[in-house]
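Coordinate inspection notes
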Amino acid sequence: MIRPHPDVVAFLQHVTDESFLDELPAIAGGSAARDAIQAFLDKYGMRCVGEIDITRPRWSERPSTLVPMILGNIRNFEPGAGERRFEQGRQNAWKKEQELLMRLRASPDGEGKAEEAKRLIDRIRVFAGYREYPKYHMVSRYFVYKLALLGEAARLVRAGVLREQEDIFYLTFPELHDVVRTSQVDDQLIRQRKDAFRSYQTLTPPRVLTSDGEAVAGTYRRADVPVGALTGLPVSAGTVEGRARVILDMAEADLEAGDILVTAYTDPSWTPAFVAIKGLVTEVGGLMTHGAVIAREYGLPAVVGVEHATQLIRDGQRIRVHGTDGYIEILQ
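Reading the values: the criteria
- Residues numbered from 1 in each chain as written.
- Predicted model: local features only at pLDDT ≥ 70, side-chain atom pairs only at ≥ 80, totals over all residues.
- Heavy atoms only, no water.
- Pairing = 2+ DSSP bridges.
- Helix = DSSP H or I, 4+ residues; strand = E, 2+ residues; numbered from the N terminus.
- Contact = heavy atoms within 4.5 Å.
- Axes fitted to C-alpha atoms, helices over the stretch in contact; angles between N-to-C directions.
- Salt bridge = Lys/Arg side-chain N within 4 Å of Asp/Glu carboxyl O.
- Buried < 20%, exposed > 50% of the residue type's maximum accessible area, 1.4 Å probe, protein only.
- Patch = residues over 30% accessible without salt bridge, like charges linked within 9 Å, V, L, I, M, F, W, Y side chains within 5 Å.
- Areas by Shrake-Rupley, 256 points an atom, 1.4 Å probe, with all protein chains shown as cover.
- Parallel < 35°, antiparallel > 145°, perpendicular 65-115°, else oblique.
- Left-handed = near helix turned anticlockwise from the far one by under 90°.
- Nonpolar A, V, L, I, M, F, W, Y, C, P; charged D, E, K, R; others polar.
- Polar contact = N/O pair within 3.5 Å; in protein donor to acceptor, adjacent residues only side chain to side chain.
- pLDDT = per-residue confidence, 0-100.
- Expected span 1.5 Å × (residues − 1).
- Arc of directions from axis to C-beta.

1. Section: the sheet that holds strand E8 (residues 302–304)
Pairing is mixed across the open sheet formed by eight strands, whose spatial order is E3-E10-E9-E5-E6-E7-E8-E4. Edge positions in the sheet fall to strand E3 (230–231) and strand E4 (233–236), since each has one partner strand and no second. The pairing of strand E5 (residues 239–246) with strand E6 (residues 260–263) spans three bridges and is parallel. From the neighbouring strand, Arg245 faces E6, where its bridge partner is Leu261. Where helix H10 (residues 290–298) meets the sheet, its contacts fall on E4, strand E7 (279–282) and E8, and the angle it forms with E4 comes to roughly 45 degrees.

So, in structure tokens, the structure goes:
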């Protein structure tokens, strides 16, 4: 809906705040573009980076976050590319299925093995997508809760009890209940928690944290890794070479086709970025964390658990990701 309107594309390249949706209808093609973005937000606007944290701004609250992704897709792909890529992936999966079944039939008791494998493949393909439903509906409810809480916070601000709506995020739910009941708040407690939160943001999380709270440190034992290479966990096979894009905020994800995404971690809100990239490097994660799973689904070589990757790899450097062996070479 946006691609055919050059004035809309030009306008989006200079978006600086959240009022852009209201300004779009004044531009040729802007009404259709605004309706398309709003339709997306109506369905997925409750999602965002770090969405398990109810305090994080949702796409509906900060739609400008999506603009770099929209412009990136317009710049990097032709019309209809999404459908073609999906169909190509479906064909590749079917070919791989046929290859596997043929190899099984050639083995002892092959027909029985092939029949069982076909049954399991069909089951996975029917039900795999449902794994996203619990998170989708949970986050949907979170946004409903957040809007209700912020509505109550707005009333407290108007009554002069709170200085700003977001102050409620520094109270426990029972504490907020007492503030609503008594119309009194401990400003000093909120300030202390804000200061503590800012200090926590400066910390570097450990690569591995056990359920008991133990931070596990150590180095990878790799005898076959080239000198100077950065080591991590191999989570999606293959080798790829390209430009590293070091991105810590999805709102700054100015990606081009063939880039390799280097970031601290990913969650479901980062999935649109995977359309353009051809490799992934993250500082934290494991075999079953989000980035690893999506990289395998998209067929992207990926290495995770690379300590200080966003500091050791400079934005724009050319790197080679060895997703099978779990290391990254910095080429230039």
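2. Structural notes on the pattern of salt bridges
Taken as a whole and judged by the stated rule, the model has 26 salt bridges. Note that Arg198 and Asp195 form a salt bridge whose closest N and O atoms lie 2.3 Å from each other. Placement of the pair is Arg198 and Asp195 together in helix H9 (residues 187–201), with a separation of three residues, close to one helical turn. With a relative accessible area of 47%, Arg198 lands in the partly exposed category. Residue Asp195 is classed as partly exposed on the basis of its relative accessible area, which comes to 44%. It is possible to trace a salt-bridge network through shared partners that takes in Glu241, Arg318, Arg320 and Glu329.

3. Details of a nonpolar patch on the surface
A surface patch of nonpolar side chains, about 460 Å² in accessible area, is lined by Val126, Phe127, Tyr130 and Tyr133. Val126 sits in the exposed class, given a relative accessible area of 52%.

4. Overview of the packing of helix H5 (residues 81–105) against helix H6 (residues 110–127)
The interhelical angle for the contact between H5 and H6, taken along N-to-C directions, is 155 degrees, at an axis separation of 8 Å. On the basis of their axis angle, the class for H5 and H6 is roughly antiparallel. The chirality of how H5 crosses H6 is right-handed. Residue-level inspection shows Arg90, Ala93, Trp94, Glu97, Leu100, Leu101, Leu104 and Arg105 of H5 in contact with H6, the latter providing Gly110, Glu111, Lys113, Ala114, Ala117, Lys118, Ile121 and Arg125. Class assignment for the residues of the contact of H5 with H6 results in eight nonpolar, one polar and seven charged.

5. A closer look at the environment of Ala10
Assignment of secondary structure puts Ala10 in helix H1 (residues 6–12). Linking Ala10 and Arg207, residues 197 residues apart in sequence, is a C-alpha distance of 41 Å.

6. With respect to the pairing of E5
Pairing analysis gives five bridges linking E5 to strand E9 (residues 318–322), with the strands arranged antiparallel. Opposite Gly242, over in E9, you have Ile319 as the bridge partner.

7. Some thoughts on the environment of Arg85
Relative to the helices and strands, Arg85 resides in helix H5. Through-space distance from the C-alpha of Arg85 to that of Arg131 is 22 Å; in sequence the pair is 46 residues apart. Ignoring any residue separated from it by four or fewer positions in sequence, one finds Arg85 in contact with Phe77 and Val275.

8. Regarding the side chain of Glu283
Within the secondary structure, Glu283 sits in the loop between E7 and H10. One polar contact links the side chain of Glu283 to the main-chain amide nitrogen of Ala309, over a distance of 3.2 Å. Not counting residues within four places of it along the chain, the set of residues in contact with Glu283 comprises Arg207, Thr263, Ala264, Gly305, Val306, Glu307, His308, Ala309, Thr310 and Gln311.

9. Here we look at the confidence of the model for the protein
For the protein, the mean per-residue pLDDT works out to 92, and 100% of the residues sit at or above 70. Mean pLDDT values for the elements of the protein range from 78 in strand E1 (residues 208–209) up to 97 in E9.

10. Observations regarding the packing of helix H7 (residues 133–158) against helix H8 (residues 173–182)
Where H7 contacts H8, the axes come no closer than 11 Å and their chain directions differ by 40 degrees. By the angle class used here, H7 and H8 are oblique. Crossing angle aside, the handedness with which H7 passes H8 is left-handed. Contact residues: H7 offers Leu149, Glu152, Arg155 and Leu156, while H8 offers Phe173, Leu176, Val179 and Val180. For the contact of H7 with H8, the class distribution of residues is six nonpolar, no polar and two charged.

11. Description of helix H3 (residues 30–44)
Taking 1.5 Å per residue as the helical rise, H3 with its 15 residues ought to reach 21 Å, and the 21 Å between its terminal C-alpha atoms agrees with that figure. Inspection of H3 places Gly30, Ala33, Ile37 and Leu41 among the buried residues, and these make up the whole buried set. For H3, the angular spread of the buried residues around the axis is 70 degrees, confining them to a single face. Across H3 from its buried face, at more than 90 degrees, point the exposed residues Asp35 and Asp42.

12. Remarks on unusual backbone geometry
The backbone of Asp109 sits at a positive phi, close to 55 degrees, despite the residue not being glycine. Positionally, Asp109 belongs in the loop between H5 and H6. Residue class for Asp109 comes out exposed when judged on its relative accessible area of 60%. You will see that Ser183, though not glycine, has its phi angle at about 60 degrees, which is positive. With respect to the secondary-structure elements, Ser183 resides in the loop between H8 and H9. Exposure remark for Ser183: the relative accessible area of 41% places this residue in the partly exposed category.

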